[in-house]
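The chain contents come next:
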Amino acid sequence: MGTAATPGTPTETTGPADSDLVRAALGREVRRTPVWFMRQAGRSLPEYRALRAGTAMLAACQDPDLVTEITLQPVRRHGVDAAILFSDIVLPLVVAGIDIDIKPGVGPVIANPVRSVADVDALPDLEPEALGFLATAVSRLTAELGDTPLIGFAGAPFTLATYLIEGGPSKEHARTKAFMYAEPQAWERLLAKLSVSASVFLRTQVDAGASAVQLFDSWAGVLSASDYATRVLPHSRAVFDGLGDRAAGVRDVPRIHFGVGTGELLPLIGDAGADVVGVDWRVPLDEAARRVGPGYSLQGNLDPAVLLADRETLDREVRRIVEQGRAARGHVFNLGHGVLPDTDPGAITHAVELVHELTTR
Ligand code: CP3
């Protein structure tokens, strides 16, 4: 055992598994509050727009050179404490052979939306062998990133089902909910299928070296707590369970679970098997800590619009969130949703510096 440190006290960095991101996610002491931003890679960066010029989004996501470079851009520029893989939640569906396009300024559009029980049963499965490009990108990235952790991610079954059923982005997700109520058995099969493909997608990233995973259930906030608990949460839990039994010695990494507008669902979300519950800007973190209970760390929750406001407002909001985050067993500073495309990258760098300055122990 030699000079093993007391559990819970900071030690020298010994790689991404001992990073502040991982430590905060597990509720351990940190050197300073880790900070990263959802959608930190992407259109707010001129270097991203330059690199992406002439390459379609879904082609870029399957090109390991581009994925590596785009993922590293915000780490280099902002000094964030984690990289998030450049990819998209619809990628497992695309790789499985479903006809999907990501239209600039719109989002994912599905050529043949799922509207019937037969459509559900005709959906192709994701073959793990088709994810070679992903494993290549992740192992290159983890080699380049050194001590900085890489966050792998996937879309949760419900949020992916909204795209498949609506055929594209939607506000109310009414067709999705109607299908959920009218065809409960086909709904179960659809979400079970999506949970397997999300697990395979995450497992590939973890096996290739990702240091944490985030499951995006972006649109779960449109559900009542009771529908969420009975018709959706079990499938999100299956995604995390599919990563392997934590007790059985599989390579294990912290699990982050995020959705927008989930104030009423916060007491439930961690139950899917998360270590960290992501919170949007609607619920202050001290209140969120009460709602999720003691067993979880929190991630969030700066309103992305505040990055478009004046510096004084930005500083005030960052300070408030850092303070309120102290109520949680661990805090990963982030936005309440993704970076807006017209954000000044300088505001992001400034927020990172301020979080570090305020929290260095
Ligand atoms: O966070 C990151 O920097 C990593 C990359 C990432 C992307 N999409 C890249 C992307 C991540 C984590 C996602 C997840 C994702 N994709 C979610 C969950 C997160 C959330 O925002 O709620 C969702 C719902 C999607 C579906 C999707 N893909 C949308 C809604 C859009 C935006 C459409 C638009 O153009 O406004 C996309 C496209 C997309 N995904 C872009 C990027 C960088 C923009 C594509 C471009 O640059 O042309």
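Residues numbered from 1 in each chain as written. Predicted model: local features only at pLDDT ≥ 70, side-chain atom pairs only at ≥ 80, totals over all residues. Heavy atoms only, no water.

1. Topic: the packing of helix 9 (residues 174–182) against helix 10 (residues 184–207)
Item 1. Two elements in contact, helix 9 and helix 10, have axes whose closest approach is 5 Å; the angle formed by their N-to-C orientations is 115°. Seen from helix 9, the contacting residues are Thr176, Phe179, Met180, Tyr181 and Ala182; seen from helix 10, they are Pro184, Ala186 and Trp187.
Item 2. Taken together, the residues of the contact of helix 9 with helix 10 sort by class into seven nonpolar, one polar and no charged. (Axes fitted to C-alpha atoms, helices over the stretch in contact; angles between N-to-C directions. Helix = DSSP H or I, 4+ residues; strand = E, 2+ residues; numbered from the N terminus. Contact = heavy atoms within 4.5 Å. Nonpolar A, V, L, I, M, F, W, Y, C, P; charged D, E, K, R; others polar.)

2. Details of the nonpolar core
Item 1. In terms of nonpolar packing, the biggest core is built from 116 residues, with Trp36, Phe37, Phe86, Leu164, Trp187, Leu190 and Leu298 touching the most fellow members.
Item 2. It is helix 10 that provides the largest number of residues to this core, a total of ten residues. (Core = buried A, V, L, I, M, F, W, Y, C linked by side-chain atoms within 4.5 Å. Buried < 20%, exposed > 50% of the residue type's maximum accessible area, 1.4 Å probe, protein only.)

3. Some points on the environment of Gly221
Item 1. Inspection of the secondary structure puts Gly221 in the loop between strand 5 (212–216) and helix 11 (225–241).
Item 2. Relative accessible area serves as the criterion here: at 27%, Gly221 is assigned to the partly exposed category.
Item 3. Along the backbone, Gly221 and Arg76 are 145 residues apart, and their C-alpha atoms lie at a distance of 33 Å.
Item 4. The contacts of Gly221, once residues within four sequence positions are left out, are Val260, Gly261, Thr262 and Leu265.

4. Details of the environment of Arg32
Item 1. Its place among the elements puts Arg32 in the loop between helix 1 (20–25) and helix 2 (46–52).
Item 2. Owing to a relative accessible area of 29%, Arg32 belongs among the partly exposed residues under this scheme.
Item 3. Along the chain, Arg32 and Gly336 lie 304 residues apart, while their C-alpha atoms are 20 Å from each other.
Item 4. Not counting the four nearest positions on each side in its chain, Arg32 is found in contact with Asp20, Asp81, His356, Thr359 and Thr360.
Item 5. Of the polar contacts made by the side chain of Arg32, one reaches the side chain of His356; its length is 3.4 Å. (Polar contact = N/O pair within 3.5 Å; in protein donor to acceptor, adjacent residues only side chain to side chain.)

5. Concerning the side chain of Arg52
Item 1. Mapped onto the elements, Arg52 comes out in helix 2.
Item 2. The buried charged residue Arg52 lacks any salt bridge partner; its closest oppositely charged side chain belongs to Asp101, at an N-O distance of 8.8 Å.
Item 3. In contact with Arg52, not counting residues within four places along its chain, are Met57, Ala60 and Ile70. (Lys, Arg positive; Asp, Glu negative; His and termini not counted. Salt bridge = Lys/Arg side-chain N within 4 Å of Asp/Glu carboxyl O.)

6. Digging into the pattern of salt bridges
Item 1. For the structure on display, the rule yields 17 salt bridges.
Item 2. One salt bridge in this structure joins Arg140 and Asp65, with 2.5 Å as the shortest N-O distance. Taken as a pair, Arg140 in helix 7 (residues 132–145) and Asp65 in helix 4 (residues 64–78) lie far apart in primary sequence, 75 residues in all.
Item 3. Accessibility expressed as a relative area gives 36% for Arg140, which makes it partly exposed.
Item 4. On the basis of relative accessibility, which here comes to 53%, the residue Asp65 falls in the exposed class.
Item 5. Put simply, Arg189 and Asp121 hold a salt bridge, and the shortest N to O gap is 2.9 Å.

7. Digging into the sheet that holds strand 8 (residues 297–302)
Item 1. With parallel pairing, seven strands are arranged side by side in an open sheet as 1-4-5-6-7-8-9. Both outer strands of the open sheet, strand 1 (83–84) and strand 9 (331–335), are each paired with one neighbouring strand and no more.
Item 2. Summarising the sheet, strand 5 and strand 6 (residues 255–258) pair through four bridges and their orientation is parallel. Opposite Phe216, over in strand 6, you have Phe258 as the bridge partner. (Pairing = 2+ DSSP bridges.)

8. Digging into the packing of aromatic side chains
Item 1. Evaluation of the coordinates by the stated rule reveals four aromatic pairs.
Item 2. Measuring from ring centre to ring centre gives 5.4 Å for Phe153 and Phe216, while their planes differ by 85°; the resulting arrangement is edge-to-face. Of this pair, Phe153 sits in strand 4 (residues 150–155) while Phe216 sits in strand 5, and the two are 63 residues apart along the sequence. This pair shows no difference in class: Phe153 is buried, exactly as Phe216 is.
Item 3. With a centroid separation of 6.0 Å and 80° between ring planes, the pair formed by Phe216 and Phe258 is classed as edge-to-face. (Phe/Tyr/Trp six-rings, centres within 6.5 Å; stacked < 30°, edge-to-face > 60°.)

9. What to know about the site of the ligand
Item 1. The local shell around the ligand holds 26 residues, among which Arg39, Tyr48, Asp88, Ser218 and His337 are the closest.
Item 2. Residue Gln40 places a main-chain N or O atom 3.2 Å away from an oxygen atom belonging to the ligand.
Item 3. Here an oxygen atom of the ligand and a side-chain polar atom of Tyr48 are 2.6 Å apart.
Item 4. Coverage of the ligand by the protein amounts to 91% of the 870 Å² it exposes when considered alone.
Item 5. When atom positions are compared with the pocket grids, the ligand is found to occupy the largest pocket. (Near = heavy atom within 4 Å. Areas by Shrake-Rupley, 256 points an atom, 1.4 Å probe, with all protein chains shown as cover. 1 Å grid on protein atoms, 1.4 Å probe; cavity = no way out; pocket = protein on both sides within 12 Å on 5 of 7 lines; lining within 4 Å. Sits in = over half its atoms within 2 Å of the grid points.)

10. Quick word on unusual backbone geometry
Item 1. Of note, the amide linkage connecting Gly300 to Asn301 takes the cis form, showing an omega dihedral of -10°.
Item 2. Take Asn301: it is sitting in strand 8.
Item 3. Phi is positive for Arg39, close to 60°, though the residue is something other than glycine.
Item 4. You can see Arg39 is positioned in the loop between helix 1 and helix 2.
Item 5. In this structure, His173 is a non-glycine residue whose phi angle is positive, near 55°.
Item 6. For His173, the location among the structural elements is in the loop between helix 8 (157–166) and helix 9.

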